[in-house]
Amino acid sequence: MTKRQNRMALVLLLVVGTILAITLLLQALGSNANYFYSPTAVAQGKAPVGKNFRLGGLVINGSFKRKDLKSTFDVTDNKNKFSIEYTGILPDLFREGQGVITTGSLVNGVFVATEVLAKHDENYMPPEVADALKKAKE
Amino acid sequence: MWKWIQAFASPRNFYQISEKIIPWLMVPFIVLSLIGLYWSFVVSPTDYQQGDSVRIMYVHVPAAWMSLFIYIIMAISSGIGLIWQIKLAYIVAKVSAPIGASFTFLALVTGSIWGKPMWGTWWVWDARLTSELILLFLYLAYISLNNAFDNPKTADKASAVIVIIGLVNIPIIYYSVDWWNSLHQGSSISFTKISMQQDMFIALLLISFAFKFLYSALMLMRARNEVLVREQNSRWVREIITGADK
Amino acid sequence: MDFLLFDKYTIYIWASYLLTFATIAILFVGTKITHKRNTIQLRIKYERDNK
């Protein structure tokens, strides 16, 4: 091998080696890099019940009720659902049918949240198009 | 072709040719920016969920793309530098770093400004945001490592290794929203689908191409500065500098 | 100039665009200043060498 080929091999080895090492590391970390637990994960006992954790899912249509600053709503991943209680201001993007991530803990089966963040999806469109799509569905 | 590349890669030719190229990058940058601004403020519609705040996307997403793009350019030119010992390749990597860091900073801050009204928070430690922050640290690590050595040759090599190791962060940033639950939403634009209204996409593309031209122009300008300093003992630099005021 | 006002999001949108503009301007001016400084320093160095 020439000197240049040697260097090339070294660089290649460096890149492949680190990518491999970090991929393995990440696999080992597994779900710990997840920002929140889905209702199903909580139902399966994967979430640290008794401590604070984050629960994320879609707000069920028709479940949102509000009295002053206190609001209640149900969150689902289409398999399991949890009722959420939250006192405070909701973000602009909070809507029924949209994703939310709540932080709090389970108290007698109800998730009492101290923070509610709204998640938005990857679809962007003007209101007219959204209306038309909604009509076409009905 | 190879001969041509080698000829261009000689510092002297690079210095002279790049001077002629820069205006041809600045003009498209300015034109595309103006059309892009018009498209993002006037032509593109409001979003059905986010209203007008969606307009932040037209700087946020192109800046985020640039942060990845410039890093990949740096890694490739560092690799070329290590393998073929081309001085100019190291210079490209070195002068790109502050530009890349700036775009990463912009992506993070505009994202934060967008996140506050929409998500309800300036910052969360989810996989996408955290990995993009790590990218900023990688840029800063590269810059500080490069400045740590007095000998430019050692600096080039050491920082090239850092940038190549950090390359692993790039797919992590890109796929973070698919691999893990995150607050940040998934990609709207991928190789197979575009989940975005047409005028929104056009605004995004216009600014994105404007940024590419801006980067190319800035990179060449900075590379010329660097070439002057590194080649200061050669006769052609002396001629250019001392002849410049005649 | 109605189209420049985006009700409650105006400040967020303008903050983003102005920050972007400022960053680009700083990069650009910084590059120009470096070029000028390098040229002056090299010229001084060459003049000293000639003496």
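Residues numbered from 1 in each chain as written. Chains lettered and ligands numbered in written order. Predicted model: local features only at pLDDT ≥ 70, side-chain atom pairs only at ≥ 80, totals over all residues. Heavy atoms only, no water.

1. Considerations on the interface of chain B and chain A
Quoted interface sizes are often the accessible area lost when the parts come together.
Point 1. Of the residues lining the interface, 42 residues belong to chain B; the matching set on chain A comes to 34 residues.
Point 2. Connecting chain B to chain A are zero salt bridges.
Point 3. One can count 15 residue pairs in polar contact (both at pLDDT 80 or more) joining chain B with chain A.
Point 4. When residues of the side of chain B that touches chain A are assigned to their parent elements, the largest contribution, four residues, is made by helix H3 (residues 57-84) of chain B. (Contact = heavy atoms within 4.5 Å. Salt bridge = Lys/Arg side-chain N within 4 Å of Asp/Glu carboxyl O. Polar contact = N/O pair within 3.5 Å; in protein donor to acceptor, adjacent residues only side chain to side chain. Helix = DSSP H or I, 4+ residues; strand = E, 2+ residues; numbered from the N terminus.)

2. Focus: the interface of chain B and chain C
Point 1. Counting residues at the interface gives 42 residues for chain B and 28 residues for chain C.
Point 2. Between chain B and chain C lies a buried interface of about 3,200 Å² when both sides are counted; carbon and sulfur atoms form 74% of it.
Point 3. Counting every contact that joins chain B to chain C gives one salt bridge.
Point 4. The partner of Arg238(B) in a salt bridge is Asp49(C), and the shortest N-O contact between them spans 3.4 Å.
Point 5. At the surface where chain B touches chain C, the tally comes to eight residue pairs in polar contact (both at pLDDT 80 or more).
Point 6. Every element with two or more residues in the side of chain B that touches chain C is listed here: helix H2 (11-43), H3, helix H4 (87-118), helix H8 (198-230) and helix H9 (235-243) of chain B.
Point 7. Sorting elements by how many residues they give to the side of chain B that touches chain C places H4(B) first, with 11 residues. (Buried area = accessible area lost by both parts, 1.4 Å probe.)

3. Describing the pairing of strand S6 (residues 110-119) of chain A
Residues and elements named next belong to chain A.
Point 1. By the bridge criterion, four bridges tie strand S4 (residues 81-87) to S6 in an arrangement that is parallel. Bridging from a neighbouring strand, serine 83 pairs with valine 110 of S6.
Point 2. Where strand S5 (residues 99-107) lies against S6, nine bridges are found, and the strand directions are antiparallel. Counted as the bridge partner of threonine 103 is glutamate 115 from S6. (Pairing = 2+ DSSP bridges.)

4. Things to note about unusual backbone geometry
All names here are of chain A.
Point 1. Even without being glycine, asparagine 78 reaches a positive phi, approximately 75 degrees.
Point 2. By the element assignment, asparagine 78 lies in the loop between strand S3 (70-76) and S4.
Point 3. For asparagine 78, a relative accessible area of 66% corresponds to the exposed category. (Buried < 20%, exposed > 50% of the residue type's maximum accessible area, 1.4 Å probe, protein only.)

5. Remarks on the side chain of Thr104(B)
Point 1. Checked against the element boundaries, Thr104(B) lands in helix H4.
Point 2. Beyond its immediate sequence surroundings of up to four residues, Thr104(B) is in contact with Ser67(B), Glu132(B), Leu135(B), Leu136(B) and Tyr139(B).

6. Looking at the packing of H4(B) against H8(B)
All names here are of chain B.
Point 1. At their nearest, the axes of H4 and H8 sit 9 Å apart, and the two run at 130 degrees to each other. In terms of their interaxial angle, H4 and H8 are classed as oblique. Crossing geometry of H4 relative to H8 is assigned as right-handed. Note on element contacts: H8 touches H4 through Phe211, Leu214, Tyr215, Leu218, Met219, Arg222, Ala223, Glu226, Val227 and Arg230, opposite Leu88, Ile91, Val92, Lys94, Val95, Ser96, Pro98, Ile99 and Phe103. (Axes fitted to C-alpha atoms, helices over the stretch in contact; angles between N-to-C directions. Parallel < 35°, antiparallel > 145°, perpendicular 65-115°, else oblique. Left-handed = near helix turned anticlockwise from the far one by under 90°.)

7. Notes on the pattern of salt bridges
Residues and elements named next belong to chain B.
Point 1. Following the criterion strictly, the structure yields 10 salt bridges over all chains and no others.
Point 2. Measuring nitrogen to oxygen at the nearest pair gives 3.4 Å for the salt bridge that ties glutamate 231 to lysine 87. Of this pair, glutamate 231 sits in the loop between H8 and H9 while lysine 87 sits in helix H4, and the two are 144 residues apart along the sequence.
Point 3. Judged by relative accessible area, which is 14%, glutamate 231 ranks as buried.
Point 4. Here the salt bridges share partners, and the residues they tie into one network are Lys94, Asp156, Glu226 and Arg230.

8. Remarks on a nonpolar patch on the surface
Point 1. Side chains of Val27(B), Val31(B) and Ile35(B) sit close together on the surface and give an oily, nonpolar patch of about 230 Å² of accessible area.
Point 2. Relative to the helices and strands, Val27(B) resides in helix H2. (Patch = residues over 30% accessible without salt bridge, like charges linked within 9 Å, V, L, I, M, F, W, Y side chains within 5 Å. Areas by Shrake-Rupley, 256 points an atom, 1.4 Å probe, with all protein chains shown as cover.)

9. Quick notes on the packing of aromatic side chains
Point 1. Summed over the entire model, instances satisfying the criterion amount to 15 aromatic pairs over all chains.
Point 2. Their ring planes at 55 degrees and their centres at 5.7 Å tell us that Tyr15(B) and Trp236(B) sit as a pair that is tilted. Of the two residues, Tyr15(B) sits in helix H2 while Trp236(B) sits in helix H9, which places them 221 residues apart along the sequence. For the pair shown, Tyr15(B) and Trp236(B) are each scored as buried.
Point 3. Where Phe69(B) meets Tyr215(B), the ring centres are 6.2 Å apart and the plane angle is 90 degrees; that geometry is what we call edge-to-face. Of this pair, Phe69(B) sits in helix H3 while Tyr215(B) sits in helix H8, and the two are 146 residues apart along the sequence.
Point 4. The exposure class of Tyr215(B) is buried, given its relative accessible area of 3%.
Point 5. A connected cluster of aromatic rings, assembled from ring pairs, spans Tyr174(B), Tyr175(B), Trp179(B) and Trp180(B).
Point 6. Positioned above the aromatic ring of Tyr35(A) is the side chain of Arg54(A), whose terminal nitrogen or guanidinium carbon lies 4.0 Å from the ring centre. (Phe/Tyr/Trp six-rings, centres within 6.5 Å; stacked < 30°, edge-to-face > 60°. Lys NZ or Arg CZ within 6 Å of the ring centre and 35° of its normal.)

10. A word on the confidence of the model for chain B
In low-pLDDT regions, the fine details of the predicted coordinates are not to be read closely.
Point 1. On average, residues of chain B score 89 in pLDDT, and 96% of them are at 70 or above.
Point 2. What the predictor reports for the complex is a pTM of 0.88 with an ipTM of 0.89. (pLDDT = per-residue confidence, 0-100.)

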